[in-house]
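# Descriptive analysis of the structure
Spelled out from the first residue to the last, the chains are:
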Amino acid sequence: MATPNNVTPTNCSWWPISALENNAGKSTEGEENQDPTDPALKSQDRLVLYHWTQSFSSQKVRLVIAEKGLPCEERDVSMPLMEHKEPWFMRLNLGEEVPVIIHRDNIISDYNQIIDYMEKNFTGENVAQLIPEPGSVLHSRVLQYRELLDSLPMDAYTHGCILHPELTTDSMIPKYATTEIRRHLANASTELMKLDHEEEPQLSEPYLSKQKKLMAKILEHDNVNYLKKILGDLGMVLDQIEAELEKRKLEYQGQKCELWLCGCVFTLADVLLGATLHRLKFLGLSKKYWEDGSRPNLQSFFDRIQKRFAFRKVLGDIHTTLLSAVVPNAFRLVKRKPPSFFGASFLMGSLGGMGYFAYWYLKKKYI
């Protein structure tokens, strides 16, 4: 795990590619021809975030930014449209992953380093400190739960719950997503052979390598016995957190303060726990783990954190999470060549089901 003392951001003064080419990563229509590294556009603390709305790591970084109240220019990198695999983004981050931030002359592309960098570089009377000062009990608790929550295999939960919806209850993921992913898995070998990077041959090897690793990972997550095991392990982690929340009630009994995971102060641990519970509810696991009354402290925590301004701003209503990912891609799809792998079919399938999903949501909420 990175710490504020060993963050090693990459200098981006050399970066020659506009992140807005190919209509990708736009924040506003008026900035279409602007290069985010143009010195004329830079201010001392100008922060630019490249993210995808449904990326779990992106959500956690965006929550940190919102909790700290930082002005940030967000640029969406659509993973269904495969924009994270385009040459302009691979030059920004060869690992093809979001989130990535640009601050001054630095590119930071590691999720943990981004959080540590922001804690170290964005401080002040009006900026929330999410990691307490070293040496305090709060600091130790935050580091403990940061490590625990970041160790959860959220990608495995996500892929597994999509591929095995029978293990979920009231999942927000439509059933056609399972069909689309299974179809792509069946055609994966053929699709990999069709990938063409003649214009950027130096990027071909990492591109193909990443695709093969992704296929192997999803095939592993398709193992129902493996999924049941890690969901069992998740239950033990949530038991530990439930017990920790109970300890806070006893520790601060009689004191007038809002209790969070590590104490009376809202910290990074709460950001991570809130994001985790939000994702688990989206996947259809909340009734199994806390909405059945088995973990009342966890239920109370989730109810409270959903009311926070930063949480509502970044994650919004959980019932519209899927729509928030699909709708922006629908407009961008008509402006560009559809992606050859994993994106176009899945996106079109998603668009095909939007009407049904909207009807289901409105019926459940208002009828």
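Further up the page is the structure itself.
Residues numbered from 1 in each chain as written. Predicted model: local features only at pLDDT ≥ 70, side-chain atom pairs only at ≥ 80, totals over all residues. Heavy atoms only, no water.

Attention now moves to the state of the cysteines. Under the criterion given, the structure shown has one disulfide. Disulfide partner of cysteine 257: cysteine 264, at an S-S distance of 1.9 Å. (Disulfide = S-S within 2.5 Å.)

Residue proline 99 follows valine 98 across a cis peptide bond; omega there is 5 degrees. Although it is not a glycine, arginine 104 sits at a positive phi angle of roughly 55 degrees. As for its placement among the helices and strands, arginine 104 is situated in the loop between strand S4 (100-103) and strand S5 (106-108). A positive phi angle is found at aspartate 170, which is not glycine, with a value near 60 degrees. Mapped onto the elements of the fold, aspartate 170 is located in the loop between helix H5 (154-163) and helix H6 (176-186). (Helix = DSSP H or I, 4+ residues; strand = E, 2+ residues; numbered from the N terminus.)

What follows concerns the side chain of arginine 141. Within the secondary structure, arginine 141 is located in helix H4 (residues 137-150). Discounting residues that sit within four places of it in the chain, arginine 141 has contacts with Glu244, Arg248, Glu251 and Cys262. (Contact = heavy atoms within 4.5 Å.)

Okay, the packing of H4 against helix H10 (residues 268-282) next. At their nearest, the axes of H4 and H10 sit 8 Å apart, and the two run at 25 degrees to each other. Here H10 runs roughly parallel to H4, going by the angle between their axes. Note on packing geometry: the crossing formed by H4 with H10 is left-handed. Along the contact surface, H4 presents Val142, Tyr145, Arg146, Leu149 and Asp150, while H10 presents Leu268, Ala269, Leu272, Leu273 and Thr276. Among the residues forming the contact of H4 with H10, the class breakdown is seven nonpolar, one polar and two charged. (Axes fitted to C-alpha atoms, helices over the stretch in contact; angles between N-to-C directions. Parallel < 35°, antiparallel > 145°, perpendicular 65-115°, else oblique. Left-handed = near helix turned anticlockwise from the far one by under 90°. Nonpolar A, V, L, I, M, F, W, Y, C, P; charged D, E, K, R; others polar.)

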